[in-house]
Structure formats: structure tokens, C-alpha cells
2 protein chains.
Amino acid sequence: MDIRTTSTVFLVDDDEDLRNVVAFHLKNAGIHVQQYAAANEFLTGFEPDQPGCLLLDIYMSGMSGLELQKKLNQQHIQIPIIIMTSQGDVPTAVQAMKAGAIDYIEKPLDKDILLERVHECLILDSSHRDKTARLSRYSHCLSGLTRREYEVMELMVAGKMNKVIAAELKISQRTVEDHRASIMDKLKAKSIADVVRIYLLSQY
Amino acid sequence: MDIRTTSTVFLVDDDEDLRNVVAFHLKNAGIHVQQYAAANEFLTGFEPDQPGCLLLDIYMSGMSGLELQKKLNQQHIQIPIIIMTSQGDVPTAVQAMKAGAIDYIEKPLDKDILLERVHECLILDSSHRDKTARLSRYSHCLSGLTRREYEVMELMVAGKMNKVIAAELKISQRTVEDHRASIMDKLKAKSIADVVRIYLLSQY
DNA sequence: CCTCGCATCCGTATTATCCCGGATTTCACC
DNA sequence: GGTGAAATCCGGGATAATACGGATGCGAGG
């Protein structure tokens, strides 16, 4: 699957001319582009499930690029960000990088460098999404467990024997075995090893 | 344990006056300091097991701060780095941050900010060392296993039963049980769950 | 009101694992 | 050429886990 057909570059800049130039180049390279004239516009219109990356001007009227970055961080939206800037000053650049920006490039933008960096970001986002998708599949299974089953699983993962679990939860060993069976069933696990793996991976 | 007594700030700058001023402030705050006039001097004299952080001037005669950073990355030395600079230019700052610098501060240095950032870095290094120490304790145990035991462990962790493992390795089930026992012994694991956990954590 | 899912319990039978103690081959190191 | 560790094998008995089949109380929702 070509990453260009599944991903979108979100271009946020209040300079319409620059947006058009950048969008032109990206589209020429076969990359989908969505434009926003302001940070706010992006925040409300953006769909976090859409893979892609963010090309963000740092100096904008209204919300600045740094503020937008901060809001995205607060909402745990992990889209890769490339900051664009005209008037480069070091503290701002450092702040943006510390806030997790992948790159920080100065205008005037070099078309080839931009394309290269965008491509890197799209790949990064894609592999990041793969990882989180795997994790969320596990946690989805885990959330299908009842409270009791979850308790039993925690003790199982801690390596305790059924009889010990029974004693600790003050239920019969036979009941523990029942829970264990339905845990394995729901998690589609074929062994205790699988359960431990799923449990550990879901805890990052 | 006070982090200031166990950690050292490595101060690398070819400006002796600045070194003295910075070292004075750090020592006043109770922090150990080791000075180096050049990147090379640091590279040869530095002991990676010593906890601490690196205060690094970026423009130096001989090896530059960026080059030193690169060498440390190549050697997988993960000490936190604060870059200091007089003539700030954005691309260099961005490059340093992308290479993993924790911070990038411009001269003239503000004493209080410097102390705060240094403190953050020392804490970061300390917690990082804790994590890697835990990991290496596990992988140390793992490296104590014989080839055969390691093979058996991999199959155990994959959730296979002893009889299946025996069939796959073409050895008797009883032998698998022996190996299993010595694996548990060497890893100080009390259950299969423990083994899986150690195995997974050692694989990051 | 009745159903359905959850949590609880039970016996029995089979299978797997763990622990006891002992034994052989091979290979490397002294 | 002996010593020792690794890898292999064995039997038997205790303990634990799994599977089959069935049962009760309880609370939420149609």
C-alpha cells in the first residue's frame, strides 16, 4: 500500500500563497493535502483517525503553532509535526523541538527537502499507528473481561496457582478454573504465556 | 540518596572563563563538576558508568559539540546533554535537538535556569540508569542459560506444552522438564508467568 | 415476569507438570 | 587423561491444570 494514498498532509498556515505553493508541490508528488488557514480551524475539523502528518506554521494570528502543539499533546494526539517558520529564533525552535516536533524548517522552503521530511513523517506516523493498533486490539479484548475475570487474570499473570488465587479471592478453586477458562477464551489465548504477553503489552 | 552526591556534571567548553563561572555556580549548589577544554578530552577521559549529564558548548575548536553528540550516539552512550551556545542559529539548534539533546540554552547563561535544567537532566539520567540496570539484570540472567535451555525457554514462552517442545527439539519430555527446571532456577522465576515477563522485558 | 449474563459452586476423569533420585555421553579445559 | 558441566535419558509418585457436564442466586433489561 502506497503511503501517499492512505495518508494526508495537514497544512496549517495563515499565508494563503505559501499554502498554495506547498500544496501544489505535495499534490504533484501524489500526496493528499488538507489546508487550514488557522490553528483553530484545524483543531475542530481534524479527524485523529486519519493517518498523516502536520505541516505547521509557527507564527500565526490567533493560536500560534506552539499553542496548537501543546493542545494536541494535551489531547494525546500523536501526529508527527513539522514546524515551518519564517523568522527563526532559537528559543522558539528549541521549545517546539522539546514539545515533540519532528522537524523545524525555515522558509523559504526547499521543495525537495520538504518532500523528503514529509515522507519521513508519513512513514513514522504509519508505523506508530501500527503499534497502537496492535495495542488497542489487546486492550479491547481485555475490556471484554468482567471485573472478576480481570482480578483472576492479574493473579494468574503474577504467577500464582489456582489454589492460591482461590484463597486470595475467597472463592473456590473450581471457580477460579472457570474464570481462567473464560479469560483464555475471550483473549483467544491458548496458554498462560499468551495471557501474560497480552497483559504486559497492554500495559505498554 | 541526594542526586547531587552521586552524579557529576561534565562541562565541556573551550572557554576557560565560562567554565570557571559555570563550575563555580554548580559547585555552590553542591553538584560535582568535571571540566574538559575539548570534546576529545572528554571522549577519552569520560567513564560511561559515572551518572551525570553533559553541559556542552557547541562551537569549539577541534571537535564541535554536534560531532561529539554524534560520536556518543554511535557508541550508544545515553547521557543527557544540554547544549550551550553563544551564536545561536536555528538549523544548528534543530540539528542538536534532533540528535537527542535535552535542552539548548543560549549564552549568557542564566544561573537559575541553568541549575534547574541541570537538575532535571540529573534526574532523567538517574531514572534512565535505573531502567537499564533492571533490564541488564534480566539479560544477565538470560545469558547464563545454555543454548539448549534458551531454545526450550523460547518455546515455553511461545506457550507450547512440554510434550510439544520435546517433539520439536526431538528430545524426551523428561529432558524438557529438566531444562525447564534449570531455567526457572537460573532466572529465579517461580512460575511460567515470571519467565515470560523476564523474556519479554529483556526484548524491550 | 422471564431471560440472560455474571459469579458462584460441585464431582469426576484425564492430562500435564513438578519433584525425587539416578544414569550416560560428549566435549572442553586443565 | 581426568574432572566437570552440559545435554541427554529414565521411572514413579505427588500435585496441579483442563475438560465434561451440571447447578444456584442475583441483578439488569426486554
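It should be noted that the structure appears before, not after, this text.
All values derive from a computational prediction rather than experimental measurement.

Chemist: Help me out: how do you make sense of the overall build of chain A in this one?
Modeler: From N to C terminus, chain A includes ten helices and five strands. In terms of overall dimensions, chain A is more spread out than a globule: its C-alpha atoms have a radius of gyration of 24 Å, far above the 17 Å expected for 204 residues. For chain A, the C-alpha atoms occupy an extent of roughly 70 × 35 × 25 Å along the three principal directions. The buried share of chain A, reckoned over its 204 residues, is 44%. Nonlocal contacts in chain A, meaning residues at least 24 apart in sequence, comprise 64% of its contacts between residues at least 6 apart. Just so you have it, chain A exposes about 10800 Å², and 52% of that area is on carbon and sulfur atoms.

Chemist: Which parts of the structure should I look at to understand the protein's contact with DNA strand C?
Modeler: Close contacts around DNA strand C come from 16 residues, with Thr146(A), Arg148(A), Ser172(A), Asp178(A) and Arg174(B) the closest. For DNA strand C, the backbone makes up 59% of the atoms found within 4 Å of the protein, where backbone means sugar plus phosphate. The contact in question runs from a phosphate oxygen of DNA strand C to an N or O atom on the side chain of Lys163(B), over 2.8 Å. Secondary-structure elements contributing two or more residues to the surface near DNA strand C are α7 (147-157) and α9 (173-186) of chain A together with α8 (162-169) and α9 (173-186) of chain B.

Chemist: Even after reading the chapter, I still don't get the interface of chain B and chain A, so can you show me in this structure?
Modeler: Size of an interface, as often reported, equals the accessible area lost when the parts are brought together. At the junction of the two partners, chain B supplies 24 residues and chain A supplies 24 residues. Across the chain B/chain A interface, buried area totals approximately 1700 Å², and carbon plus sulfur atoms make up 70% of it. Remark: the boundary between chain B and chain A carries two salt bridges. Lys98(B) is paired through a salt bridge with Asp103(A); the nearest N and O atoms lie 2.6 Å apart. On the surface where chain B and chain A come into contact, there are four residue pairs in polar contact (both at pLDDT 80 or more). For the side of chain B that touches chain A, the secondary structure elements donating two or more residues are α5 (90-98), β5 (103-106), α7 (147-157) and α10 (192-202) of chain B.

Chemist: Would you mind showing me how to read the packing of aromatic side chains here?
Modeler: The relation between two aromatic rings is expressed through the spacing of the ring centres and the mutual angle of the planes. Residues and elements named next belong to chain A. According to the stated counting rule, one finds ten aromatic pairs over all chains in the structure shown. Look at Tyr36 and Phe42: their rings are 5.2 Å apart centre to centre, the planes differ by 85°, and that puts the pair in the edge-to-face class. There is no split in this pair, since Tyr36 and Phe42 are both buried. In textbook terms, an aromatic cluster arises when at least three aromatic residues are bridged by ring pairs, as seen for Phe10, Tyr36, Phe42 and Phe46.

Rules used throughout
- Residues numbered from 1 in each chain as written.
- Chains lettered and ligands numbered in written order.
- Predicted model: local features only at pLDDT ≥ 70, side-chain atom pairs only at ≥ 80, totals over all residues.
- Heavy atoms only, no water.
- Helix = DSSP H or I, 4+ residues; strand = E, 2+ residues; numbered from the N terminus.
- Rg over C-alpha atoms; globule rule 2.2 N^0.38 Å.
- Buried < 20%, exposed > 50% of the residue type's maximum accessible area, 1.4 Å probe, protein only.
- Contact = heavy atoms within 4.5 Å.
- Areas by Shrake-Rupley, 256 points an atom, 1.4 Å probe, with all protein chains shown as cover.
- Near = heavy atom within 4 Å.
- Polar contact = N/O pair within 3.5 Å; in protein donor to acceptor, adjacent residues only side chain to side chain.
- Buried area = accessible area lost by both parts, 1.4 Å probe.
- Salt bridge = Lys/Arg side-chain N within 4 Å of Asp/Glu carboxyl O.
- Phe/Tyr/Trp six-rings, centres within 6.5 Å; stacked < 30°, edge-to-face > 60°.

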